[in-house]
Amino acid sequence: MLRNVHIARKGQVIGKYPEADMPVLVAAGTVLRTDHYWKVGMPRWLVVGRTFDPAAPEPEKPSRPRGPQDLGPRFTCLRCEARFDEPEEEKPGNVVMEILCWLCGPVAGGLYSGSRILGKTQHCPKCGSQHLDEQVW
Ligand SMILES: [Zn+2]
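Summarised in this report is the structure supplied together with it. The structure presented is a predicted model; accordingly, all values stated were derived computationally and were not measured. The residue numbers shown here count from 1 along each chain, following its written sequence. Predicted model: local features are reported for residues with pLDDT of at least 70 only, side-chain atom pairs are reported and counted for 80 or more only, and whole-chain, interface and lining totals are derived from all residues. Water and hydrogen atoms were dropped before computing side-chain values, which therefore reflect all heavy atoms in the structure.

## Some remarks on the packing of aromatic side chains
We call Phe, Tyr and Trp rings a pair once their centres come within 6.5 Å, taking the six-membered ring for Trp, and we label the pair stacked below 30 degrees between planes, edge-to-face above 60, and tilted otherwise. Per the counting criterion, the structure on display carries three aromatic pairs. Here Tyr 37 and Phe 52 contribute two aromatic rings whose centre-to-centre distance is 5.0 Å and whose plane-to-plane angle is 70°, an arrangement assigned as edge-to-face. Residue Tyr 37 is located in strand S3 (residues 36-38), and its partner Phe 52 is located in helix H2 (residues 48-52); the two are separated by 15 residues in the primary sequence. Any residue under 20% of the maximum accessible area for its type is buried, any over 50% is exposed, and the rest in between are partly exposed; the area is computed with a 1.4 Å probe on protein chains only. A residue is classified by how much of its surface remains accessible, and Tyr 37, at 0% relative accessible area, is buried. By definition, any uninterrupted DSSP run of H or I lasting at least four residues is a helix, any uninterrupted run of E lasting at least two residues is a strand, and each is numbered from the N terminus.

Okay, structure coming up:
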C-alpha cells in the first residue's frame, strides 16, 4: 500500500510524498531534516531527521490506527505529556450564583455568565496541569 507522508515547514504543510522516497528527498535537500512529517496512523507530527536521517535512526512508537481525516489529539500536557482532544474546563463562580443573577435580570445574568466563560481555565484530564500545548492544524 502506498503511504504518503505529509511534510510541514514552519507550521505550513508544503507537500506530501511517498514514504519510500523520503530518504532520497532528505538526501537531496527537498525535505529538510528539521521539517516535520505526519502520516495516517501517527498520533502527532515528528521531526523528519529523527526518523529518516540514516545517521540517527529512531524507531517510531506504535500507535493505534486512526481515520484518514483525523490529525490526532490537539493538546499535549507539558507536565505529564498526556495527549488528548479536549481538555477539562473549569469555570470560576458557580451555577447557583449564575441562576440567581439570571433571576435578577438578563443584564446581571449575562454579566455573570460572561465572566464565567471569560475566566474559564483548561486542565489536563490526567494530572490537572494548566500547562497545555495546543496544536493548530
Ligand atoms: Zn498532565
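## Observations regarding the pairing of strand S2 (residues 12-18)
In this analysis, strands are considered paired if DSSP registers two or more bridges between them. By the bridge criterion, six bridges tie strand S1 (residues 4-9) to S2 in an arrangement that is antiparallel. Considered in S2, the bridge of Val 5 is made with Tyr 17. Connecting the antiparallel pair S1 and S2 is a turn made up of two residues, with Lys 10 showing a positive phi of about 50°.

## Some points on the packing of helix H3 (residues 95-104) against helix H4 (residues 106-118)
Note on definitions: angles span 0 to 180 degrees between N-to-C directions of axes, and those axes are lines fitted to C-alpha atoms, for helices only across the stretch in contact. Contact pair H3 / H4: the axes reach a minimum separation of 5 Å and the direction vectors enclose 150°. Regarding the angle of H3 to H4, the classification is roughly antiparallel. The hand of the H3/H4 crossing is left-handed. Contacts between H3 and H4 involve Val 95, Met 97, Glu 98, Cys 101, Trp 102 and Cys 104 on the former and, on the latter, Pro 106, Ala 108, Gly 109, Gly 110, Tyr 112, Ser 113 and Arg 116. By the convention adopted, Pro, Cys, Tyr, Trp, Phe, Met, Ile, Leu, Val and Ala count as nonpolar, Lys, Arg, Asp and Glu as charged, and the other residues, Gly among them, as polar. Residue composition of the contact of H3 with H4, by class: eight nonpolar, three polar and two charged. Angle categories are assigned with fixed cut-offs, so that under 35 degrees is roughly parallel, over 145 is roughly antiparallel, 65 to 115 is roughly perpendicular, and the rest are oblique. The crossing is said to be left-handed when, going from far helix to near helix, the turn is anticlockwise and less than a right angle, and right-handed when the turn is clockwise. By the convention used here, residues are in contact when the closest approach between their heavy atoms is within 4.5 Å.

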